[in-house]
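So the chains spell out like this:
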Amino acid sequence: MRLLVTGGLGFIGSNFILSMLKTYQDLSIINLDLITYAGNLENLVDVTHDKNRYTFVKGDITDKSLVSEIVSTKPDAVVNFAAESHVDRSILDASAFLKTNIIGVQTLLDCCREHGVGRFVQISTDEVYGSLGPEDPPFVETNHLKPNSPYSASKASADLLVRAYHKTYNMDVVITRCSNNYGLLQFPEKLIPLMITNAIQNQELPVYGDGLNVRDWIYVLDHCKAIDKVMRDGRSGRIYNIGGSCEYPNIEIVKLILTKLKKPFSLIKYVQDRPGHDRRYSMDATRIRDELGWVPSTGFEEGIDATIKWYIENESWWRKIKSGEYLDYYEKWYGNL
Ligand code: NAD
Ligand code: DAU
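Reading the values: the criteria
Residues numbered from 1 in each chain as written. Chains lettered and ligands numbered in written order. Predicted model: local features only at pLDDT ≥ 70, side-chain atom pairs only at ≥ 80, totals over all residues. Heavy atoms only, no water. Helix = DSSP H or I, 4+ residues; strand = E, 2+ residues; numbered from the N terminus. Rg over C-alpha atoms; globule rule 2.2 N^0.38 Å. Contact = heavy atoms within 4.5 Å. Areas by Shrake-Rupley, 256 points an atom, 1.4 Å probe, with all protein chains shown as cover. Near = heavy atom within 4 Å. Polar contact = N/O pair within 3.5 Å; in protein donor to acceptor, adjacent residues only side chain to side chain. Buried < 20%, exposed > 50% of the residue type's maximum accessible area, 1.4 Å probe, protein only. Pairing = 2+ DSSP bridges. Axes fitted to C-alpha atoms, helices over the stretch in contact; angles between N-to-C directions. Parallel < 35°, antiparallel > 145°, perpendicular 65-115°, else oblique. Left-handed = near helix turned anticlockwise from the far one by under 90°. Nonpolar A, V, L, I, M, F, W, Y, C, P; charged D, E, K, R; others polar. Expected span 1.5 Å × (residues − 1).

## Section: the overall build of the chain
Right, so step 1: When helices and strands are tallied, the chain shows 13 helices and twelve strands.
Right, so step 2: Here the chain has a C-alpha radius of gyration of 19 Å; the compact-globule value for 337 residues is 20 Å, and the two agree.
Right, so step 3: If you line up the chain on its principal axes, its C-alpha atoms span 55 × 45 × 35 Å.
Right, so step 4: The contacts of the chain with a sequence gap of at least 6 include a subset with a gap of at least 24, amounting to 84%.
Right, so step 5: In the form shown here, the chain has an accessible surface area of approximately 14,300 Å², with 51% of it arising from carbon and sulfur atoms.

## Topic: the site of ligand 2
Right, so step 1: For ligand 2, the set of nearby residues contains 24 residues, the closest of which are Asp126, Tyr151, Asn180, Arg274 and His277.
Right, so step 2: In the model, a nitrogen atom of ligand 2 is placed 2.8 Å from a nitrogen or oxygen of the proline 206 main chain.
Right, so step 3: In the complex, the protein chains occlude 95% of the 680 Å² of accessible area that ligand 2 would expose alone.
Right, so step 4: Counting residues per element, the ones that place at least two in the shell around ligand 2 are α7 (191-200) and β8 (205-208).

## Describing unusual backbone geometry
Right, so step 1: Phi at leucine 185 is positive, roughly 75 degrees, even though this residue is not glycine.
Right, so step 2: Here leucine 185 shows up in the loop between β7 (180-182) and α7.
Right, so step 3: By relative accessible area, leucine 185 is classed as buried at 7%.

## A word on the environment of glutamate 247
Right, so step 1: Secondary-structure assignment places glutamate 247 in strand β11 (residues 247-249).
Right, so step 2: Of the residues examined, glutamate 247 reaches a relative accessible area of 35% and is grouped as partly exposed.
Right, so step 3: In the structure, glutamate 247 is positioned 54 residues away from proline 193 in sequence and 18 Å away in space, judged by C-alpha atoms.
Right, so step 4: Not counting chain neighbours up to four residues away, the residues in contact with glutamate 247 comprise Val214, Arg215, Asp216, Arg280, Tyr281 and Ser282.
Right, so step 5: Of note is the side chain of glutamate 247, whose polar atom sits 2.7 Å from the side chain of arginine 280.
Right, so step 6: Within the structure, glutamate 247 has its side chain in polar contact with the side chain of serine 282 (distance 2.7 Å).

## Here's the deal with the sheet that holds strand β10 (residues 239-242)
Right, so step 1: One open sheet accounts for seven strands, arranged β3-β2-β1-β4-β5-β6-β10; its pairing is parallel. Looking at strand neighbours, the two that pair on one side only are β3 (54-58) and β10, the edges of this open sheet. Shown here is a sheet whose adjacent strand axes are inclined to one another by a mean of 20 degrees, direction ignored.
Right, so step 2: Sitting on the sheet, helix α8 (residues 220-233) is in contact with β1 (2-6), β4 (77-80), β5 (119-125), β6 (173-178) and β10, with an inclination near 145 degrees to β5.

## Side note on the packing of helix α1 (residues 11-23) against α8
Right, so step 1: Across the interface, α1 lies against α8 with an axial gap of 9 Å and an inter-helix angle of 70 degrees. Taken together, the axes of α1 and α8 lie roughly perpendicular to each other. Considering only the axes of α1 and α8, their crossing is right-handed. Here Phe11, Ile12, Asn15, Phe16, Ser19 and Met20 of α1 come into contact with α8, specifically with Val220, Leu221, His223, Cys224, Ile227, Asp228, Met231 and Arg232.
Right, so step 2: Considering only residue class, the contact of α1 with α8 consists of nine nonpolar, three polar and two charged.

## Examining α1
Right, so step 1: With 13 residues, α1 extends 18 Å between its outermost C-alpha atoms, agreeing within 8% with the 18 Å of an ideal straight helix rising 1.5 Å per residue.
Right, so step 2: Where burial is concerned, most of α1 is hidden: ten out of the 13 residues are buried.

## Describing the sheet that holds strand β9 (residues 214-219)
Right, so step 1: Taken in spatial order, the three strands of this open sheet run β7-β9-β11, and their pairing is mixed. The sheet terminates laterally at β7 and β11, the two strands that pair on one side only. For this sheet the average axis-to-axis angle between neighbouring strands, irrespective of direction, equals 50 degrees.
Right, so step 2: Where β7 meets β9, three bridges bridge the pair, whose relative direction is parallel.

As structure tokens, then:
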């Protein structure tokens, strides 16, 4: 099998490439990534030597001639992870989000159609459904889309485009919508790696609002296995929710991390809330379980221990990131709140 993976230097994409190349010998992957602030060549050092099975191309998914050239090699599937993915950044400036997350998807779809690529897999998110109240049932695939941030609006737009290309051109597409991932190689602007690395550095842990917003956590490698199942056996034109059935309020996650690292709760600092902050996400993943036999296999305790251990052992990876451009972003974000 030959795959084109886009955005494979980011958190989930690099975990996907590493786990797929480890699991399947008869697989080769082209990874197209722009290397934005979130892309990191170091994430894939373990496979860069494997020239027969792994090829890296630096480039933009909105660059039609480049994408067309790559797609003309007719991979069996295109798996699109490439995106601007951080909600807070989208609140500061939505431009890159609309360009990559919408125009990028249109470009990929057009090139796949032009060259008759097998299957297009769009990696989407639970955030397209909007926000739940405390007693609401989890999101199902038939829920209306009610995105609340520029990020989630751009992802919802992409989902609608993917659906439209299936209906209009009969393209073979599938969409996955997953809840919050955590695990190794996650950029330390997101809640769990930010809290772990700040705690290690004895810095304040900024908790938005009352800290009671709820997320449904999934270990990244469980998400990767689900994507593999959907890519191979998902029904064309279908959406599959993916979730960990593991809801926690943010403050509990933060306290758990501090406890595990033996750091004081006095490091917690409540800060102004994120504008438009979704209160709760929860996924109903019955469809993928019943149709494709997927269930998550990593418990939260096991996953968070492995994650904390990885950040302790890979301090040089995140210390490099937590300087330079990243600090500029932080100044802007806290100036904005
Ligand atoms: P990430 O920000 O860690 O990585 C994104 C990658 O895309 C980076 O390597 C970046 O360089 C690349 N990229 C950005 N713009 C590009 C462009 N124009 N052309 C080519 N490459 C480009 O993101 P992530 O957390 O790994 O998320 C991957 C995908 O999964 C996204 O589509 C996101 O919406 C979705 N998702 C993420 C989560 C989560 O919890 N992180 C949950 C559900 C869905
Ligand atoms: O649900 C899936 C989504 O999960 C993905 O589509 C996004 O790409 C991904 O970034 C993530 O979005 P969230 O906004 O849920 O993740 P984030 O890690 O930014 O925030 C998680 C929760 O923690 C959220 O309620 C905001 C809160 N938070 C976050 C940060 C960075 C804080 O309280 N303090 C912080 O410093």
